Amino acid sequence: MQWDIFCQVIDNFGDIGVCWRLACNLATQAQQVRLWTDDASALVWMAPAQGHTNIQVRAWGSGLLPSDAPSDVLVEAFGCEIDTPFIAQVAAQTQRNGHAPPVWINLEYLSAEHYVERCHRLPSPVQHGPASGWTKWFFYPGFTSATGGLLREPDLLQRQACFDRAAWRQAHTPQQGLPAPARWISLFCYEPAGLPALLTQCQQSAPSHTHLLLTPGRATTAVQSALATSACPASGQLTLTTLAPVTQPAFDEMLWACDLNLVRGEDSLVRALWAGQPLVWHIYPQHDNAHHAKLHAFLDWLHAPPSLRQFHAVWNGLIDAPLPTITTALLEEWAACVQAARKQLLQQEDLLTQLLGFCTAQR
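Only a predicted model underlies this, so the values are computations on that prediction, with no experimental measurement involved. Each chain has its residues counted from 1, running along the sequence as written. Predicted model: local features are reported for residues with pLDDT of at least 70 only, side-chain atom pairs are reported and counted for 80 or more only, and whole-chain, interface and lining totals are derived from all residues. Each side-chain value is worked out from all heavy atoms of the structure, with water and hydrogens disregarded.

Caption draft 1: Main features of the overall build of the protein. Helix and strand counts for the protein stand at 14 helices and 12 strands. We compute the radius of gyration from the C-alpha atoms alone; for a globule the expected value is 2.2 Å times N to the 0.38, where N is the number of residues. Taking 363 residues into account, the globule formula puts the C-alpha radius of gyration at 21 Å, and the protein, at 22 Å, falls close to it. Counting only C-alpha atoms, the protein reaches 70 × 40 × 40 Å along its principal axes. Within the span of the protein, comprising 363 residues, buried residues form 54% of the whole. Note on contacts: a residue pair qualifies if any of its non-hydrogen atoms lie within 4.5 Å across the two residues. A fraction of 73% describes how many contacts in the protein between residues 6 or more apart in sequence connect residues 24 or more apart. Accessible area of the protein: about 15,800 Å², with a carbon and sulfur share of 54%. Helix numbering and strand numbering both begin at the N terminus, where a helix is a DSSP run of H or I of at least 4 residues and a strand a DSSP run of E of at least 2. Here the term buried applies to any residue with accessible area under 20% of the maximum for its type, exposed to any over 50%, and partly exposed to those in between, with areas from a 1.4 Å probe on protein chains only. The method behind every accessible area is Shrake-Rupley, applied with a 1.4 Å probe, and residues are considered shielded solely by the protein chains displayed.

Below you can see the structure in the form of structure tokens.
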């Protein structure tokens, strides 16, 4: 089928990351994809030299070409709305070629809240405009079998099983080396409330040494700002490494290599779940605090132990309390929790399989 995926970038790493991953997953299943976006700049480092003959990246608002194949599936990602002129083009092309109207998918944000199961696959009749009489379908990614599932490549487990963790760490060890024992923590975040407390804890974490891997952008800036205003003197217990932007497969490898992954948003949360390592989620903050309920729903689904719940609450600024001390025992407890959730997810159909099945049935 010919898929048209629409993405308006709010967060360069999140929205376009999910849409590119979906496009690649579709391409591996012999689907044809046109990805329409208003900002493709992140693909320069996220997907360099990853040309898929089945994927075309198009500028938002540029419109269809006379030679373009008719669309079989329209995907509005994360609440973006396809421009009316484009819909008019699709409608005219459909009528001209005697083609069936495309399956129109509203691909929603990821959430573990209960409304997701109720709203997944609900129809929304289009009553106005050039697509009057068509139907939009709400498709909700999620964590249970009653939702649309999560993106997962067919070869993900095989790639992870072949991953050489020791070699990766050796390649990413600073020239001056690291004291033993050292725990590796990845940081991909916005500006979490608990970051200063974490940095202080790492600087005082004898006998363990912490190697903190900083992803580029807001995470690195947030750490620099926190250290600049910290009352805790620098110590040799913390080593900071600022990473360069990497491809999506390389980001997966970083998650596999670390003892704890501090992630953010949506795409990196899903990848951290597949990694099976201890994780903490910095949820995207909303002005009306709607993210609080979303975070609690995720922790409920995860069956998070009290220590992991408190860490999330402090990290995200939901409560003003001490940040739990990261110990080996705590990481083992969190790892068991994440791995149990991962096992449950692996028993469910992934998002791509469900989307393909649904759209094929609607055609």
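Caption draft 2: Fine view of the nonpolar core. Throughout, nonpolar core names a set of buried Ala, Val, Leu, Ile, Met, Phe, Trp, Tyr and Cys residues whose side chains join them through atoms within 4.5 Å. One finds F143, L187, L195, L198, L273, F298 and L302 to be the most contacted residues of the largest nonpolar core, which totals 64 residues. At 7 residues, the largest contribution of residues to this core is made by helix 13 (residues 328–346). Residues A77, V103, F139 and L356 belong to the second largest nonpolar core, which totals 36 residues.

Caption draft 3: Up close: the pattern of salt bridges. Take a side-chain nitrogen of Lys or Arg and a carboxyl oxygen of Asp or Glu: if they are within 4 Å of each other, that pair is a salt bridge. With the rule as written, the count across this model stands at 15 salt bridges. D267 serves as the salt-bridge partner of R21, at 3.0 Å between the closest nitrogen and oxygen. Of this pair, R21 sits in helix 1 (residues 15–28) while D267 sits in helix 10 (residues 267–275), placing them 246 residues apart in sequence. For R21, a relative accessible area of 5% translates into the label buried. The salt bridge involving D72 is made with R363; its shortest N-O contact spans 3.0 Å.

Caption draft 4: Main features of the packing of aromatic side chains. Pairing of aromatic side chains here covers Phe, Tyr and the six-membered ring of Trp, requires ring centres within 6.5 Å, and sorts the geometry by plane angle: under 30 degrees stacked, over 60 edge-to-face, intermediate tilted. Evaluation of the coordinates by the stated rule reveals 21 aromatic pairs. With 5.3 Å between their ring centres and 75° between their planes, W137 and F358 make a pair best called edge-to-face. With W137 in strand 7 (residues 135–139) and F358 in helix 14 (residues 351–362), this pair connects stretches of sequence that are 221 residues apart. This pair shows no difference in class: W137 is buried, exactly as F358 is.

Caption draft 5: Local environment of the sheet that holds strand 4 (residues 73–77). If DSSP finds at least two bridges between two strands, the strands pair. Taken together, 7 strands build an open sheet; the order of strands is 3-2-1-4-5-7-6 and the sheet is mixed. Strand pairing shows two members of the sheet lacking a second neighbour, strand 3 (55–59) and strand 6 (123–125), which therefore form its edges. On average, each strand axis in the sheet is tilted by 25° relative to the strand beside it, whichever way the strands run. The pairing of strand 4 with strand 5 (residues 103–107) spans 5 bridges and is parallel. Note on strand 5: the bridge partner recorded for V75 is I105. Taken strand by strand, helix 1 contacts strand 1 (2–7), strand 2 (32–37), strand 3, strand 4 and strand 5, and its axis lies near 170° from that of strand 1. Think of each axis as a best-fit line through the C-alpha atoms, taken over the contacting stretch in the case of a helix, with angles from 0 to 180 degrees between the N-to-C directions.

Caption draft 6: Expanded view of helix 8 (residues 218–228). Along helix 8, the positions that sit buried rather than exposed are A219, T220, A222, V223 and A226. The buried residues of helix 8 occupy one face: seen down the axis, they fall within an arc of 160°. Elements in contact with the buried residues of helix 8: strand 8 (182–187), helix 7 (195–203), strand 9 (209–214) and strand 10 (238–242). This arc is taken over the directions from the axis of the helix to the C-beta atoms.

Caption draft 7: Representation of the sheet that holds strand 10. What the 5 strands build is an open sheet, ordered 10-9-8-11-12; its pairing is parallel. A single partner strand is all that each edge strand has here, and the edge strands are strand 10 and strand 12 (279–282). In this sheet, adjacent strand axes meet at a mean angle of 15° when their direction is disregarded. Pairing between strand 8 and strand 11 (residues 260–264): 3 bridges, direction parallel. Its bridge partner lying in strand 11, S186 is registered against N261.

Caption draft 8: Summary view of unusual backbone geometry. In this structure, the amide linkage connecting A180 to the following residue, P181, adopts the cis form with an omega of -5°. You can see P181 is positioned in the loop between helix 6 (165–171) and strand 8. Residues other than glycine seldom take positive phi values, yet A30 does so here, at roughly 65°. Secondary-structure assignment places A30 in the loop between helix 1 and strand 2.

Caption draft 9: Fine view of a nonpolar patch on the surface. Note on patches: the residues involved have over 30% relative accessible area and no salt bridge, like charges join within 9 Å, and the nonpolar side chains Val, Leu, Ile, Met, Phe, Trp and Tyr join within 5 Å. Residues I10, Y109 and Y284 make up a contiguous nonpolar surface patch of about 330 Å² in total accessible area. Positionally, Y284 belongs in the loop between strand 12 and helix 11 (290–302).

Caption draft 10: Representation of helix 13 within the structure. For helix 13, spanning 19 residues, the distance from its first C-alpha to its last is 27 Å, which sits close to the expected 27 Å at 1.5 Å a residue. When we look at burial in helix 13, the residues that qualify are L330, L331, W334, A335, C337, V338, A341, R342 and L345. Buried residues along helix 13 cover an arc of 165° about the axis, so they all sit on one side. In this structure, helix 13 carries T328, A329, E332 and K343 as exposed residues pointing more than 90 degrees from its buried face. The inward-facing, buried residues of helix 13 contact helix 5 (156–161), strand 11, helix 10, strand 12, helix 11 and helix 12 (306–315). Given the number of residues in a helix, its expected span is that number minus one, multiplied by 1.5 Å.

Caption draft 11: Layout of the environment of R165. Positionally, R165 belongs in helix 6. Separated by 141 residues in sequence, R165 and P306 have C-alpha atoms that sit 29 Å apart. Beyond its immediate chain neighbours, meaning those up to four positions away, R165 contacts W256, A257, C258, D259 and Q277. Within 3.5 Å is the distance limit for a polar contact, defined as a pair of N or O atoms, with the added protein rule that one can donate a hydrogen and the other accept it, and that residues adjacent in sequence qualify only through two side-chain atoms. At a separation of 3.4 Å, a polar atom in the side chain of R165 contacts the side chain of D259.

On their own, these measurements won't tell you what the molecule is for.
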